[in-house]
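So you can see what is in the structure, the chains are spelled out below.
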Amino acid sequence: MKKLRITLRSDLCAGSGESFGNSVDTDICISDAGLPYIPARRLKGCLRAEAVQLKKYGSKLATDENIQRLFGGKNGFEGILVLENAVLDGAESMERWLKSVNADPSAEPILKDTARPGSVASLFSYVRGQTKMQKGVPVDGTLRYTRVLNHYDPLHVGEELVFWADFSLKKGSEDEFSDELNLLKQCCMALRHIGLSRNRGLGNIKVVYDAKKTGEETVVGEMSENEQDAYQFDEGQLKDKSEMICITYHIHLDAPVTLPGCSELISEIPARSVIGCMSTEYLRNGSADEIFSKLFLDGTVQWSSLTPVISGKISAPTPLFLVNLKNEKRYANCAGEDVRGKKQKTLEGTYAVETKDGYTIAKANSHIVYHHTVRVEGQDGMLYMQQSLDAGMIYGGTVTLPKYLAENVWNIIVKAPLRFGRSRTAQYAACSIAGVPKISSCAMEEIIAETGEPIYVVLQSDLILSDSGVFAMDNASVRDKIAMELGLNPVCEVPADSVRSLTDRTKYHVVSGYHSMWQLQKPQLLSLQGGSVFCFISQERKTLPRTFRIGEFKQEGFGVCHVLKQSEINKLQYISKGSVDRLNEIKGTDKILVNELRNALLMTAARHAAENHALQYAKSHADELETGLIGRLRLMTDEAENYEDLLNHIESIKDSDESSETEVSRKLRVKQFVQGLCGLYRLEADRLIGNCEISNEIGNNKVVQRKILGEWKSLLLFALHIVYYEKGGQ
């Protein structure tokens, strides 16, 4: 994958369109961990604007056709350029480390404090104020504060801040689209300013096309040869497997994912989106042949939706018999516990995995994003919002297929550029395979239900039923279909002595989709939502399948049913709250960048601690120095080459003119003041910082110690400045 290198030539405000509390009116784009980035949609829009300008200037490459083919157009037309957010070098690993520190209860308090998103954002940026002036007088009510990204890199002093944006072609080869890529090169050279106040000194940048990182032959995060071998298909995996197999795989959300219909209540990646992505990869290297039909059209291969991975297991929508008892502040399994008469709240929007004695539930994190539609001449772009799944989470899914198609499906999964949902060519949708897929047999598991024992059928995915071409989604029709499949009585006759309410728990919603090829929306269909529960009573001792599928669109993950009997439900009483798995591994040279970030954060905390200590020290020792000595010591400090040189300068102060008003000579008072703040005969970090938590944290960190010792002169001058004004500047 190629890269764009964006080097800041000035401060930058890549605005997020949001404020930060009452302290910042216009904020920049920062990640959840506090790291700055330049949104891909913003960068792509600026590049497109330069292409339009190049067309006006007569560039032969900047034709309407090339611009639309490269950047896309209206009505959902996608261009060939796939552009990622511009991020700092090693940003992914740094973000994982920051989040792991904040989530670790055993982490040092000072480290957790410095790793807060606000502290990280302050390391890379600052807040500036501005107001409207009228006839030389500030206008009331116009003071505004803007967060601005620093021109220079805080991790590498003296170097300009650099962002890296990955880009690739959605389809075709470089030779096929040589004109479009040459146009992109011209746009990169022409792009000089982005962001807010770009005509007022901010946002000056330099963009380099297909840049290479210094000292790096391969991109960090790419697979090594050993890793590539692990992802190769091995026919030995199919030995002793049944004719039908199941491939289980996990993916990592590298960027936020925006899905049609995505909300806080529905946060899975539908199988329709998975099939669309995988079929595109197949057609990239082949044609719509018989294998294509078996993989994606006729139901020979059944793809599941991608749901959050919790504790290493692929989850399913939480069964509706799991509820939150509001007054008791706990979760309960109302299929195994009598909760009648208690205030119940369903766990909508959550996903669950089964454990030995219960369930672990979790909710996928999401956020709302705001964008404008493409502007048309004479009209402003319309502001719209959409829900996005947070980046960093692990999702998983399965593929059920005949053994002879295993290699085809395996190669598609591990090689396909995984992009799901909207805005697939910029800022969103990017995912990657997480770990090597696993192959297992699809042996039919069975359970035995005793006579009179309640049976619960839980939908693990959405369900759509039709009868003679007419969709039949009423409760009675669904019960009849399930009962027919299992050979049960559709009428649930509850025993008079039952302590449980054996009622169905269902929820409906509307599913739809979008045909990218034809630019048409799919029909909206009423569907039973995953997690719905139907209860039956076994009339006789009966063998039942553990899992079965019914209804329409089975190849798209619909209609997966899971069967539980009452004796099993009674054992699933412990319900705990978990979280969606995340990728925590830090690879290769990224550890160096993480260490540099850690040192920079600790240095910031140490500098703040040293400034506070110098302030308190100056106030408590203000009476020891008169104004004349303060001025002389300032001059000595400015002229001193190092701390030892300053101590030698102090020795030049004469002792012969001891004042009758004090028992301590001027030389001794100056020396005591300086040595008390900086160190006796050499600089001491503990004295500069004071006795606080940060001094213990940096005790073995030679890099931070060396940097804070290098601040001795500014800290001493700061203390002298405070002493001077404590005396009233006399």
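It should be emphasised that the depicted structure is a prediction, and the values quoted were computed from it without experimental measurement.

### Side note on the overall build of the protein
Piece 1. Within the protein one finds 20 helices and 39 strands.
Piece 2. Of all 730 residues assigned to the protein, the portion counted as buried reaches 46%.
Piece 3. The contacts in the protein between residues at least 6 apart in sequence include a share of 75% that link residues at least 24 apart.
Piece 4. Here the protein displays about 36,900 Å² of accessible surface, and carbon together with sulfur accounts for 48% of that area.

### A closer look at the confidence of the model for the protein
Piece 1. Scored by pLDDT, the protein has a mean of 84; 89% of the residues are at 70 or more.
Piece 2. Predicted confidence for residues 216–221 stays below pLDDT 50, and this span has six contacts to residues more than four positions away or in other chains.

### Thoughts on the packing of helix 3 (residues 91–103) against helix 13 (residues 590–620)
Piece 1. With their axes 9 Å apart at the nearest point, helix 3 and helix 13 run at an angle of 55° to one another. Accordingly, the angle class assigned to the pair helix 3 and helix 13 is oblique. In this structure, helix 3 meets helix 13 at a crossing whose hand is right-handed. Of the residues in helix 13, those touching helix 3 at S93, M94, W97 and L98 are D590, L593, V594, L597, R598 and L601.

### Focus on a nonpolar patch on the surface
Piece 1. Residues I368, Y370, L383 and M385 make up a contiguous nonpolar surface patch of about 420 Å² in total accessible area.
Piece 2. Of all the elements in the fold, those that place two or more residues in the nonpolar patch are strand 22 (366–372) and strand 23 (383–389).
Piece 3. Tracing the backbone shows Y370 in strand 22.

### Re the environment of I394
Piece 1. For I394, the location among the structural elements is in strand 24 (residues 394–402).
Piece 2. Its relative accessible area of 7% is what places I394 among the buried residues.
Piece 3. Linking I394 and I433, residues 39 residues apart in sequence, is a C-alpha distance of 9.5 Å.
Piece 4. I394 has contacts with H250, I251, H252, P308, V309, A434, V580, D581, R582 and L583, leaving out every residue within four places of it along the chain.

### Topic: unusual backbone geometry
Piece 1. Not every positive phi belongs to a glycine, and S197 is a case in point at roughly 55°.
Piece 2. Tracing the backbone through its elements, the reader meets S197 in the loop between helix 6 (178–190) and strand 10 (205–209).
Piece 3. One non-glycine residue, S311, adopts positive backbone phi at about 55°.
Piece 4. Mapped onto the secondary structure, S311 falls in the loop between strand 14 (307–310) and strand 15 (313–314).
Piece 5. For S311, a relative accessible area of 56% translates into the label exposed.

### Brief notes about the sheet that holds strand 16 (residues 316–317)
Piece 1. Judged by pairing direction, the sheet is mixed, and its four strands sit side by side in the order 16-20-21-39 without closing on themselves. If you trace the sheet from one side to the other, it starts and ends with strand 16 and strand 39 (574–577), each paired once.
Piece 2. Note that strand 16 and strand 20 (residues 350–354) share two bridges and pair antiparallel. Directly across from P317, in strand 20, lies its bridge partner Y351.

### A few points about the pairing of strand 24
Piece 1. Judged by how many residues are buried, strand 24 sits mostly within the fold: eight of nine residues are covered.
Piece 2. Pairing geometry for strand 11 (residues 244–253) and strand 24, over nine bridges, is antiparallel. Residue T248 lies in a different strand from strand 24, and its bridge partner there is T398.
Piece 3. Pairing of strand 13 (residues 302–303) with strand 24, which is carried by two bridges, proceeds in the antiparallel orientation. By the bridge assignment, Q302 is partnered in strand 24 with T400.
Piece 4. Taken together, the two bridges between strand 14 and strand 24 define a ladder with antiparallel strand orientation. If you follow T307 over to strand 24, its bridge partner there is G396.

### Description of the nonpolar core
Piece 1. Counting 104 residues, the largest nonpolar core has L4, I6, L47, F124 and L646 as the members making the most contacts within it.
Piece 2. By residue number, the principal contributor to this core is helix 13, which donates 13 residues.
Piece 3. Contacts of I6, omitting those with residues within four sequence positions, involve I38, L43, A86, L161, V162, F163, A165, I205, K206 and V207.
Piece 4. Counting residues in hydrophobic clusters, the runner-up holds 46 residues, among them Y249, V274, I412 and F420.

### Focus on a positive patch on the surface
Piece 1. Where like charges cluster on the molecular surface, the positive patch consists of K326, K343, K345, K363 and K577.
Piece 2. Among the structural elements, K363 can be located in strand 21 (residues 358–363).
Piece 3. Given a relative accessible area of 39%, K363 falls into the partly exposed group.

### A closer look at the packing of aromatic side chains
Piece 1. A full pass over the atoms with the stated rule returns 11 aromatic pairs.
Piece 2. Ring plane angle 55° and centroid distance 5.3 Å describe the contact between Y617 and F673, whose orientation is recorded as tilted. Of the two residues, Y617 is situated in helix 13 and F673 in helix 16 (residues 666–678); the sequence distance between them amounts to 56 residues. Accessibility assignment for this pair places Y617 and F673 in one class, buried.
Piece 3. Centre to centre, the rings of Y724 and Y725 are 5.3 Å apart; their planes meet at 85°, and the pair counts as edge-to-face.
Piece 4. By relative accessible area, Y724 is classed as partly exposed at 22%.

Cut-offs and rules
Residues numbered from 1 in each chain as written. Predicted model: local features only at pLDDT ≥ 70, side-chain atom pairs only at ≥ 80, totals over all residues. Heavy atoms only, no water. Helix = DSSP H or I, 4+ residues; strand = E, 2+ residues; numbered from the N terminus. Buried < 20%, exposed > 50% of the residue type's maximum accessible area, 1.4 Å probe, protein only. Contact = heavy atoms within 4.5 Å. Areas by Shrake-Rupley, 256 points an atom, 1.4 Å probe, with all protein chains shown as cover. pLDDT = per-residue confidence, 0-100. Axes fitted to C-alpha atoms, helices over the stretch in contact; angles between N-to-C directions. Parallel < 35°, antiparallel > 145°, perpendicular 65-115°, else oblique. Left-handed = near helix turned anticlockwise from the far one by under 90°. Patch = residues over 30% accessible without salt bridge, like charges linked within 9 Å, V, L, I, M, F, W, Y side chains within 5 Å. Salt bridge = Lys/Arg side-chain N within 4 Å of Asp/Glu carboxyl O. Pairing = 2+ DSSP bridges. Core = buried A, V, L, I, M, F, W, Y, C linked by side-chain atoms within 4.5 Å. Lys, Arg positive; Asp, Glu negative; His and termini not counted. Charge placed at Lys NZ, Arg CZ, Asp CG, Glu CD. Phe/Tyr/Trp six-rings, centres within 6.5 Å; stacked < 30°, edge-to-face > 60°.

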